[in-house]
Amino acid sequence: MNKHFFRKFWWVFAALLILTGTVTLPAPTGSEGAYRVEAAPQKTTQTAGKEPEEKTSRAEVHFIDVGQGDATLIVCDGHAMLIDTGDNDRGTALQLYLSKQGIKRLDYLVLTHPDADHIGGADVIITKFTIGNVFMADFKKDNKTYQKVITALADKKLKWSVPRPGRVYTLGGGKFTILAPNGTYDDPNNASIALLFQNGDTSFLFTGDAQEEAEQDILENGLSVKADVYQAGHHGSDTSSCAEFLEAVDPDYAVISCEEGNSYGHPHAAVLNSLRAMGVSVFRTDEQGSMIARSDGTKITWNSAPSDTWKAGERTGSGVQKQSAGTKGKGAYIGNKNNGKLHRATCEKLPQKENRAVFDTKKEAVDAGYDDPCKLCKP
């Protein structure tokens with residue numbers, strides 16, 4: 001065999017290497033990347049004792065001031081979820097808030113339970129945004145607010161479902177786990193959807209208006225409720241955040257979503273005292289407005305300082321006198337038969353007597369369909 005044979009053999013062998021993608025020819029001078037045969041993908045060799053590097057996700061949790069109600073926006077890696085939508089008169093303001101954040105699509109809309117202060121603005125949000133998944137509580141109400149939501153969903157050809165405890169869903173690089181509801185309840189508050197959102201090592205807990213009965217059921221289902229940030233159940237009411245539940249959550253921060261001077265007296269002193277005793281930093285929409293918690297997967301930072309007042313609410317509302325003993329309980333709420341408005345018995349804008357529907361409790365009135373609260377007396 002002579003040198004011509006070896007030269008021919010070498011070029012044949014080189015051609016085979018190029019065709020199989022084993023080598024890459026350099027690009028011709030003056031035409032960077034114009035001619036390139038990519039090498040075959042190589043398996044990554046992991047250095048002993050080192051874990052593969054993971055992508056860091058960044059999340060923002062917006063606790064939006066919607067007065068006496070809840071609305072929370074979670075954004076992670078460009079994906080968004082909205083939990084509750086505030087009361088009937090908050091839909092447009094909430095729409096504008098989301099638009100200012102650059103939100104055009106919601107991967108998830110979670111309506112924790114059918115009370116007006118949680119789903120009142122949902123019809124606007126459903127109409128104005130593209131929505132991937134809608135989760136609702138397994139509790140229906142025969143009133144105008146609930147019906148508006150169902151109609152809006154039908155108009156957009158959206159179906160809703162009740163998520164099961166234990167199911168895990170992704171949101172960008174984050175995830176959330178459904179914790180409740182864990183059964184059928186007579187009270188819509190206890191039927192609230194509860195979930196734990198996690199981004200890396202950080203976590204946020206949302207329980208809607210779940211009260212002690214539902215909190216105990218969450219603890220019994222065996223799912224972790226440990227969270228860095230806890231949105232206090234039921235706007236800081238003492239019907240929620242029972243001692244055993246708070247101990248299991250063991251938060252560093254708590255957020256209370258309520259309205260200044262609300263008629264329910266939220267947040268209640270018992271809840272504030274418990275949080276203070278645990279060394280929890282408290283943020284309040286009634287004092288600080290909307291606020292944002294940012295997570296880089298390892299730590300949480302806030303755009304405002306926590307509250308330092310520890311001031312409990314009072315059972316009064318702006319534009320309304322304190323209820324006298326004669327109006328507490330018996331005939332304390334008046335519904336307007338013409339427009340479905342609900343008033344306190346002491347309100348200055350009560351309808352004519354023939355158009356009044358009288359109720360002893362707000363729950364009775366709302367259950368009867370009078371769930372559009374008067375803006376003056378704020379029942």
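Residues numbered from 1 in each chain as written. Predicted model: local features only at pLDDT ≥ 70, side-chain atom pairs only at ≥ 80, totals over all residues. Heavy atoms only, no water.

1. Points about the sheet that holds strand S18 (residues 356-359)
The strand order S18-S16-S17-S19 describes an open sheet built from 4 strands, whose pairing is mixed. In this open sheet, the two strands that pair with only one neighbour each are S18 and strand S19 (372-373). Summarising the sheet, strand S16 (residues 333-336) and strand S17 (residues 341-344) pair through 3 bridges and their orientation is antiparallel. Bridging from a neighbouring strand, Gly 335 pairs with Leu 342 of S17. (Pairing = 2+ DSSP bridges. Helix = DSSP H or I, 4+ residues; strand = E, 2+ residues; numbered from the N terminus.)

2. Thoughts on the pattern of salt bridges
This model, assessed by the stated rule, comprises 10 salt bridges. Here Glu 259 ties to Arg 90 by a salt bridge, and the two come within 3.7 Å at their closest N and O atoms. In this pair, Glu 259 is assigned in the loop between strand S12 (253-256) and helix H8 (269-277) and Arg 90 in the loop between strand S3 (79-83) and helix H2 (91-100), connecting sequence segments 169 residues apart. On the basis of relative accessible area, Arg 90 is assigned to the partly exposed category, the value being 25%. The shortest N-O distance in the salt bridge between Arg 105 and Asp 107 comes to 3.4 Å. Owing to a relative accessible area of 42%, Arg 105 belongs among the partly exposed residues under this scheme. Here Asp 107 falls in the buried class, since its relative accessible area comes to 15%. The structure contains a network of salt bridges with shared partners spanning Asp 89, Arg 90, Glu 259 and Lys 378. (Salt bridge = Lys/Arg side-chain N within 4 Å of Asp/Glu carboxyl O. Buried < 20%, exposed > 50% of the residue type's maximum accessible area, 1.4 Å probe, protein only.)

3. Looking at H8
Taken as a whole, H8 has its buried residues at Val 271, Leu 272 and Leu 275. The buried residues of H8 occupy an angular sector of 95° when the element is viewed end-on, so they sit on one face. Turned more than 90 degrees away from the buried face of H8, the exposed residues are Asn 273 and Ala 277. Buried residues along H8 sit in contact with helix H7 (243-249), S12 and strand S13 (281-284). Gly 279 sits one or two positions beyond H8 and adopts a positive phi of about 75°. (Arc of directions from axis to C-beta. Contact = heavy atoms within 4.5 Å.)

4. Concerning helix H5 (residues 144-155)
At 3.6 residues per turn, the α-helix brings residues three or four places apart onto the same side. With 12 residues, H5 should cover 16 Å at 1.5 Å per step; its first-to-last C-alpha distance of 16 Å lies within 8% of that length. Within H5, the full set of buried residues consists of Thr 145, Tyr 146, Val 149, Ala 152 and Leu 153. Projected down its long axis, H5 carries its buried residues within an arc of 125°, all on one side. Facing away from the buried side of H5, by more than 90 degrees, are the exposed residues Ala 154 and Asp 155. Packing partners of the buried residues in H5 comprise strand S4 (105-111), helix H3 (116-119), helix H4 (122-128), strand S5 (130-136) and strand S6 (160-161). Of the residues that open H5, the one with a side-chain oxygen 3.3 Å from the backbone nitrogen of Thr 145 is Asn 143. Phi turns positive one or two residues past the end of H5, at Lys 157, with a value near 55°. (Expected span 1.5 Å × (residues − 1). Polar contact = N/O pair within 3.5 Å; in protein donor to acceptor, adjacent residues only side chain to side chain.)

5. So, the sheet that holds strand S11 (residues 229-231)
The strand order across the open sheet formed by 7 strands is S7-S8-S9-S10-S11-S12-S13, and the pairing between neighbours is mixed. In this open sheet, the two strands that pair with only one neighbour each are strand S7 (168-171) and S13. Taken over all neighbouring pairs, the strand axes of this sheet differ in orientation by 20° on average, direction set aside. Direction of pairing for S12 relative to S13: parallel, over a ladder of 4 bridges. Among the inter-strand pairings, Ala 254 is bridged to a residue of S13, identified as Val 282. (Axes fitted to C-alpha atoms, helices over the stretch in contact; angles between N-to-C directions.)

6. What to know about the pairing of strand S10 (residues 202-206)
Buried residues dominate S10, accounting for 5 of its 5 residues. The alternating pattern of S10 places Thr 202, Phe 204 and Phe 206 on one face and Ser 203 and Leu 205 on the opposite face, and all of these are buried. The sheet contact formed by strand S9 (residues 194-199) and S10 spans 5 bridges and is antiparallel. Paired with Leu 196 across the two strands is Leu 205, which belongs to S10. Taking the residues between adjacent antiparallel strands as the criterion, S9 and S10 are bridged by 2 residues, where Gly 200 takes a positive phi near 60°. When S10 meets S11, the two strands line up parallel, connected through 3 bridges. When the sheet's bridge partners are listed, Phe 206 is paired in S11 with Gln 231. Following the backbone out of S10, through helix H6 (residues 212-220) and into the adjacent parallel S11, one traces a crossover that is right-handed. (Right-handed = clockwise from strand over helix to strand, strands pointing away.)

7. Points about the confidence of the model for the chain
Residues at a pLDDT of 70 or more form 82% of the chain, whose mean pLDDT is 85. Ignoring residues within four places in sequence, the model shows residues 317-328, a span with pLDDT below 50, making 19 contacts including any to other chains. (pLDDT = per-residue confidence, 0-100.)

8. Things to note about unusual backbone geometry
For the bond running from Ala 180 to Pro 181, omega is 15°, close enough to zero to count as cis. Counting through the fold element by element, Pro 181 comes out in the loop between strand S8 (174-180) and S9. Residue Pro 267 is bonded to the preceding His 266 through a cis peptide linkage, with omega at -5°. Mapped onto the fold, Pro 267 is located in the loop between S12 and H8. Unusually for a residue other than glycine, Asp 77 sits at a positive phi of about 55°. Examined against the element boundaries, Asp 77 turns out to sit in the loop between strand S2 (72-76) and S3. You can call Asp 77 partly exposed: its relative accessible area is 31%. Phi at Ser 241 takes a positive value of approximately 55°, unusual for a residue other than glycine. Within the secondary structure, Ser 241 is located in the loop between S11 and H7. What makes Ser 241 buried here is its relative accessible area of 7%.

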